[in-house]
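Listed below, chain by chain, are the residues.
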Amino acid sequence: VRVAFRVEATREDSGDIALDYALWLPERALEARGKLQLAPGVEQALPLGDGQVFATWLAMPVPSAAFDAWLEAQEARRLDPKNT
């Protein structure tokens, strides 16, 4: 096992997304659990364990124009020769 990840998401009345998560990285002897609130479309970085590993969270509705634009930006970034 390289990584085990469990997440439970619920939509709040405010429009935010509440996450309960558990992450296990056996090669780094890292286990992290927690809860957080995400605003759709806003990336949020969170240090895990001793702070050597960060998780970046991003939530958005699928399907949506925002998700399609994000996918296109990721593909363009992947194909950019400066990113290799």
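Residues numbered from 1 in each chain as written. Predicted model: local features only at pLDDT ≥ 70, side-chain atom pairs only at ≥ 80, totals over all residues. Heavy atoms only, no water.

Bringing the sheet that holds strand S3 (residues 30-38) into the picture now. Across the sheet, 3 strands lie side by side as S1-S2-S3; this open sheet has antiparallel pairing. Looking at which strands have only one partner, the edges of the open sheet turn out to be strand S1 (4-11) and S3. On average, adjacent strands in this sheet sit at an angle of 10° to one another, irrespective of strand direction. In terms of strand pairing, S1 meets strand S2 (residues 17-25) through 8 bridges, oriented antiparallel. Across the sheet, the residue bridging to phenylalanine 5 is leucine 23, located in S2. (Pairing = 2+ DSSP bridges. Helix = DSSP H or I, 4+ residues; strand = E, 2+ residues; numbered from the N terminus. Axes fitted to C-alpha atoms, helices over the stretch in contact; angles between N-to-C directions.)

Each aromatic ring pair is characterised by the separation of its centres together with the angle its planes make. For the coordinates displayed, the defined rule picks out 3 aromatic pairs. Judged by centre distance (5.9 Å) and plane angle (40°), the rings of phenylalanine 5 and tryptophan 57 are tilted. With phenylalanine 5 in strand S1 and tryptophan 57 in strand S5 (residues 53-57), this pair connects stretches of sequence that are 52 residues apart. Taking the relative accessible area as the measure of exposure, tryptophan 57 reaches 10% and is therefore buried. A ring pair is formed by tyrosine 21 and tryptophan 57, whose centres lie 5.0 Å apart and whose planes are at 50°; its orientation type is tilted. Highlighted residues: tyrosine 21 in strand S2 and tryptophan 57 in strand S5, separated in sequence by 36 residues. Aromatic ring contacts, followed pair by pair, group Phe5, Tyr21 and Trp57 into a single cluster. (Phe/Tyr/Trp six-rings, centres within 6.5 Å; stacked < 30°, edge-to-face > 60°. Buried < 20%, exposed > 50% of the residue type's maximum accessible area, 1.4 Å probe, protein only.)

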